[in-house]
Amino acid sequence: MTPVPFAYRRATSVQEAISLLTEHGEEAKAIAGGHSLLPIMKLRFAAPELLVDLGGIPDLDHIRVEGDEMVLGALARHSDLELSALLREEVPLLAHTAGLVGDCQIRHRGTLGGSVAHGDPSADLPATLVALRATVVVDGPGGRRTVPVDHFYTGFLETALAPDELVVELRVPRTGDAPWGYQKFRRRGIDWAIVGVAYQSEPGAGGIGLVNMGPTTLRAAAAEEALRAGADPAQVAALADQDTAPVGDASGSPEYRRHLARVLLSRALAGRNSS
Ligand SMILES: Cc1cc2nc3c(=O)[nH]c(=O)nc-3n(C[C@H](O)[C@H](O)[C@H](O)COP(=O)(O)OP(=O)(O)OC[C@H]3O[C@@H](n4cnc5c(N)ncnc54)[C@H](O)[C@@H]3O)c2cc1C
């Protein structure tokens, strides 16, 4: 399968990329790692006339501490997150999750910004960012704005990004050694999650993100509320699938996914992690 012909420009700055996207509107697409965009172009589900490559933009793969937050550049690759000693210390849930994305090749090409912007409910990192209550930093012709990750996902493969806006950073609270857990259920080690659950504790509460339990990455709000109210882990886990809408497919029925969400949350609350 081959994509329809397209033009290619390699941007050297965020501003140049935004100008190209603004000039070409809906006909242009940014490309970072290409590991989500190129497959859908080959299937001809997407046929942009122009690809604006972000890969040549310097200094957009940073991983640094700023006050109470970790600031992560959009071009940080999954392997950068996985292997960062700083991130492992400051936000271990995120580093661990990055190490579970696909296989080595995927992790060496795929980027944080691409994973966030693609809006795939099967993706691992967005659920962890929901659990962490991250903020997406967006740049566009009107300047920079921040979007809480809860408001970023608007539908299946749809986000709050305008066609001429870019994700430039993710801001994530530093959690240190506060308890966390990430559970990814899949048939083989390199597969996408059939269901995934990310849990990050906070004083008296906790953030819980769900993979593949609806048309977007979801927050398990009822389970979080029960945690805040002091419910025991079994009661909290029983609420994992409340207000979700999982689909049925070759990997499992909606009921199977609901069951998985409850089991996986009970494991994540106990601090158990997929490897
Ligand atoms: C075989 C395979 C297995 C995989 N397994 C997993 C898995 O287990 N878990 C998982 O989470 N993911 C998985 N992925 C997806 C992988 O993580 C992708 O790399 C990632 O989702 C997208 O990142 P990218 O940099 O490749 O984005 P691209 O493919 O370059 O872009 C994806 C979309 O985001 C847009 N975009 C990219 N960067 C930006 C930006 N900075 N600002 C605005 N828009 C942007 C593009 O225009 C495009 O619409 C898998 C992919 C493959 C091919």
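Treat the numbers as computed from the prediction; the structure is a model and nothing was measured.

### Some points on the domain arrangement of the chain
In terms of domains, the chain is made up of domain 1 (7–53), domain 2 (63–173) and domain 3 (180–269). Spacing between the C-alpha centres of domain 2 and domain 3 amounts to 19 Å. Here domain 2 and domain 3 share an interface that buries about 2,100 Å² over both sides, 58% of which is from carbon and sulfur atoms. Of all residues in domain 2, Leu93, Pro121 and Arg133 give up the largest surface area on contact with domain 3, accounting jointly for 26% of the area buried on that side. Where domain 2 touches domain 3, the interface holds four salt bridges. Where arginine 133 meets glutamate 202, a salt bridge forms, and the shortest distance between an N and an O atom there is 2.9 Å. Across the domain 2-domain 3 interface, the total number found is nine residue pairs in polar contact (both at pLDDT 80 or more). Per-element tally for the side of domain 2 that touches domain 3: the top contributor is helix 8 (residues 124–131), with six residues. Taken together, the residues that form the side of domain 2 that touches domain 3 break down as 13 nonpolar, seven polar and five charged.

### A few points about the sheet that holds strand 4 (residues 63–66)
Across the sheet, which stays open at both edges, the five strands sit in the order 4-5-10-6-7 with antiparallel pairing between neighbours. At either end of the open sheet lies a strand with only one pairing partner, and these are strand 4 and strand 7 (143–148). The mean angle between the axes of side-by-side strands here comes to 25°, regardless of whether they run parallel or antiparallel. Pairing of strand 4 with strand 5 (residues 69–73), which is carried by four bridges, proceeds in the antiparallel orientation.

### Topic: the sheet that holds strand 2 (residues 28–31)
Here three strands make up an open sheet; going across it, the order is 1-3-2 and the pairing parallel. If you trace the sheet from one side to the other, it starts and ends with strand 1 (7–10) and strand 2, each paired once. With strand direction ignored, the average angle separating the axes of adjacent strands in the sheet is 25°. Where strand 2 and strand 3 (residues 50–53) come together, four bridges link them in parallel fashion. In the strand pairing of strand 3, alanine 28 is matched with leucine 50.

### Overview of the pattern of salt bridges
Charged atoms that come close allow side chains of opposite charge to pair. Inspection of every chain in the model, using the stated rule, returns 22 salt bridges. The salt bridge partner of arginine 257 is aspartate 249, with a shortest N-O separation of 3.2 Å. Take aspartate 249: its relative accessible area is 41%, and that puts it in the partly exposed class. Overlapping salt bridges bring together Arg64, Glu66, Glu69, Asp139, Arg144, Glu169 and Arg171 as one network.

### Focus: the nonpolar core
Within the largest apolar cluster, 36 residues are counted, with the highest numbers of intra-cluster contacts made by Leu72, Leu94, Leu129 and Leu170. Broken down by secondary-structure element, the contributors of at least two residues to this core are strand 5, helix 5 (92–98), helix 7 (112–118), helix 8, strand 6 (135–140), strand 10 (166–173) and strand 11 (180–185). Looking at which element gives the most residues to this core, the answer is helix 8, with five residues. Taken together, domain 2 (63–173) and domain 3 (180–269) each give at least three residues to this core, which thus spans both. With sequence-adjacent residues up to four places away left out, leucine 129 is seen in contact with Leu94, Leu112, Val116, Ala134, Val149, Leu170 and Val172.

Analysis parameters
Residues numbered from 1 in each chain as written. Predicted model: local features only at pLDDT ≥ 70, side-chain atom pairs only at ≥ 80, totals over all residues. Heavy atoms only, no water. Domains from an automatic or database assignment. Buried area = accessible area lost by both parts, 1.4 Å probe. Salt bridge = Lys/Arg side-chain N within 4 Å of Asp/Glu carboxyl O. Polar contact = N/O pair within 3.5 Å; in protein donor to acceptor, adjacent residues only side chain to side chain. Helix = DSSP H or I, 4+ residues; strand = E, 2+ residues; numbered from the N terminus. Nonpolar A, V, L, I, M, F, W, Y, C, P; charged D, E, K, R; others polar. Pairing = 2+ DSSP bridges. Axes fitted to C-alpha atoms, helices over the stretch in contact; angles between N-to-C directions. Buried < 20%, exposed > 50% of the residue type's maximum accessible area, 1.4 Å probe, protein only. Core = buried A, V, L, I, M, F, W, Y, C linked by side-chain atoms within 4.5 Å. Contact = heavy atoms within 4.5 Å.

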